[in-house]
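Structure at a glance
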Amino acid sequence: MAVGKELDEAFDLVKLEKIPDDLIEQLDELYEEADPDDQDSFAYLYEAASLRLSELTEQQIKSEK
């Protein structure tokens, strides 16, 4: 089964080394444009994005100490 381009773009966003400040907003836009069959997969991407953002926040806090 092929995935839509929106889902591919969302995967690429979450895998970026430097996460964009508006990551969640970009995921929201891609979700809205995605094929309904692909939208279920976005739950995993939101979770991955949330974990990455939390990890980066923790790293920033540690580096400020």
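Scope of this entry: the structure provided in the associated data block. In this text the structure is predicted, and so the values were computed from the model without any measurement. (Residues numbered from 1 in each chain as written. Predicted model: local features only at pLDDT ≥ 70, side-chain atom pairs only at ≥ 80, totals over all residues. Heavy atoms only, no water.)

1. Digging into the overall build of the protein
From N to C terminus, the protein includes 4 helices and 0 strands. Taken from N to C terminus, the helices and strands of the protein fall in the order α-α-α-α. For the C-alpha atoms alone, the extent of the protein along its principal axes is close to 45 × 15 × 15 Å. Expressed as a percentage of the 65 residues in the protein, the buried residues total 25%. Sequence-distant contacts in the protein: of pairs separated by 6 or more residues, those separated by 24 or more amount to 55%. Accessible area for the protein stands at about 5000 Å²; split by element, carbon and sulfur atoms hold 50% of it. (Helix = DSSP H or I, 4+ residues; strand = E, 2+ residues; numbered from the N terminus. Buried < 20%, exposed > 50% of the residue type's maximum accessible area, 1.4 Å probe, protein only. Contact = heavy atoms within 4.5 Å. Areas by Shrake-Rupley, 256 points an atom, 1.4 Å probe, with all protein chains shown as cover.)

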